[in-house]
Amino acid sequence: MHSNDNNCGAPWSVRTTIPILSFYLLLVLPGKNIFFHTNPWLFKYIDSIYFFVIILFALYRLNIKILGFSIKYLKNDLLIGFLSGGGLLFGLFLLNFGIDSTGLADHDLFNNRPDAKSFIYMGSTAEYAGILLIIPFIEQVFFTGIIFQSILKKINPILAIYASGIIYSLAGFKLSLGSFGLGVVTSFLYKSTKTLYSSIIFHASCAAGGVIIKSAYPRVNTLLGFLF
C-alpha cells in the first residue's frame, strides 16, 4: 500500500456518473430482458458492451492514469492483487480439503453433489477469456475506476466502499453477499493502492474460483451457496 501520489483525481463527478449508472440500472438491465431475451449472446454481454462504450468515452476525454493505471508502484500493486486473489483460491482448496479430511464428504448434505470426477465444466477458449479476463477488466474499470472514484471524491471513504458494494449487488439484479463482497474488496484494494491492478486481479480470481468450484470442487458450493 502506498500514499496518494498515484491518485490523479476522479475522472468524473457524481453529477456525471449518477446518470450513467441510472441509465444502466433503469434502462439497460430491464431492456435486455425485454428486447434481447431471445438472443443469448446479446443477453449475456449487453452489460459489458455498455460498460465498454462508457470506458471508451472516458478514455477519449481522459488518460489511463486517471482511470487507475499508473505504473509508479506497479510491482507492489500486482503483488497485492496476486496475494489477495491467490489467498481466495487457496481458501477454496482448504475448504475442499477440509470436507475430505473431516469426513464431511460422506454426510447427507453432500451425497447429492457430484464429485470432481463426474463433473467437467466445458467451455470454449473465448468463453474462458471473457469470464476470466475481459469481463473482470471491463467491470473493474467501469465500477471501480469510474463510478467508485466519483463517489470516493464526494463522501467518506468507508461509506464509499460500502456504497460500491451495494451498487455491485444491484448490477444484474443479483442481491447477494458475494456481489456485495466483491464490490467492497475491490473498492478497498483501489483505495489502498490508488490503481486498478489489484482490483482486476482479485475480480479475475473470483471468476476463476467460480470455474474451479464447478470443475474441481463442486461440493464446496454447498458451503458457499449462501454467497450467490
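Residues numbered from 1 in each chain as written. Predicted model: local features only at pLDDT ≥ 70, side-chain atom pairs only at ≥ 80, totals over all residues. Heavy atoms only, no water.

Colleague: I keep staring at helix α7 (residues 157–170) and nothing clicks. Help me out?
Modeller: One turn of an α-helix holds 3.6 residues; hence residues three or four places apart share an orientation. Taking 1.5 Å per residue, 14 residues should reach 20 Å; α7 reaches 20 Å between its end C-alpha atoms and fits that length. Those residues of α7 that sit buried are Ala160, Ile161, Ser164, Gly165, Ile167, Tyr168 and Ser169. (Helix = DSSP H or I, 4+ residues; strand = E, 2+ residues; numbered from the N terminus. Expected span 1.5 Å × (residues − 1). Buried < 20%, exposed > 50% of the residue type's maximum accessible area, 1.4 Å probe, protein only.)

Colleague: Would you take a moment to explain the packing of helix α6 (residues 125–152) against helix α8 (residues 177–193) for this structure?
Modeller: Between two packed helices, what matters for the description is the angle formed by their axes and the separation of those axes. Their axes nearest at 10 Å, the elements α6 and α8 cross at an angle of 65°. The pairing of α6 with α8 is recorded here as roughly perpendicular in orientation. Both α6 and α8 take part in a crossing whose hand is right-handed. Contacts between α6 and α8 pair Gln140, Thr144, Phe148, Gln149 and Leu152 from the former with Thr186, Ser187, Tyr190 and Lys191 from the latter. Residue composition of the contact of α6 with α8, grouped by class: 3 nonpolar, 5 polar and 1 charged. (Axes fitted to C-alpha atoms, helices over the stretch in contact; angles between N-to-C directions. Parallel < 35°, antiparallel > 145°, perpendicular 65-115°, else oblique. Left-handed = near helix turned anticlockwise from the far one by under 90°. Contact = heavy atoms within 4.5 Å. Nonpolar A, V, L, I, M, F, W, Y, C, P; charged D, E, K, R; others polar.)

Colleague: I keep staring at the packing of aromatic side chains and nothing clicks. Help me out?
Modeller: For any pair of aromatic rings, geometry is given as the distance between the ring centres together with the angle between the planes. This model, assessed by the stated rule, comprises 18 aromatic pairs. Considering the side-chain rings of Phe148 and Tyr190, the 6.0 Å spacing of their centres and the 90° angle between planes classify their relative orientation as edge-to-face. Remark: Tyr190 occurs in helix α8 and Phe148 occurs in helix α6; sequence separation between them is 42 residues. Residue placement shows Lys32 over the ring face of Phe43; its charged tip is 5.0 Å from the ring centre. (Phe/Tyr/Trp six-rings, centres within 6.5 Å; stacked < 30°, edge-to-face > 60°. Lys NZ or Arg CZ within 6 Å of the ring centre and 35° of its normal.)

Colleague: Looking at this structure, how should I read the nonpolar core?
Modeller: Membership of the largest hydrophobic core comes to 37 residues, with the highest contact counts inside it found for Leu21, Tyr24, Tyr50, Phe142, Phe143 and Ile146. Those elements that provide at least two residues to this core are α1 (14–35), α2 (40–61), α6, α7, α8 and α9 (197–215). It is α6 that contributes the most residues to this core, 9 residues altogether. Apart from residues lying up to four places away in sequence, Tyr50 is in contact with Ile20, Phe23, Tyr24, Val28 and Phe142. Counting 6 residues, the second largest nonpolar core, distinct from the first, contains Ile99, Ile213, Tyr217 and Val220. (Core = buried A, V, L, I, M, F, W, Y, C linked by side-chain atoms within 4.5 Å.)

Colleague: Explain the environment of Tyr168 to me, please; I cannot follow it from the model alone.
Modeller: Among the secondary structure elements, Tyr168 is positioned in helix α7. Classification of Tyr168 by relative accessible area gives buried; the value is 6%. Residues Tyr168 and Val184 lie 16 residues apart in sequence; the distance between their C-alpha atoms is 8.6 Å. Here Tyr168 is in contact with Glu139, Gln140, Phe143, Ser179, Leu182, Gly183 and His203, once residues within four sequence places are set aside.

Colleague: What should I look at first to understand the confidence of the model for the protein in this one?
Modeller: Any residue range with low pLDDT should be treated as having predicted coordinates unsuitable for detailed reading. Of the residues in the protein, 84% have a pLDDT of 70 or more, and the chain-wide mean is 85. For the protein, per-element mean pLDDT is lowest for helix α5 (residues 108–111), which scores 63, and highest for α8, which scores 94. The low-confidence segment residues 3–8, where pLDDT is below 50, has 17 contacts with residues more than four positions distant or belonging to other chains. (pLDDT = per-residue confidence, 0-100.)

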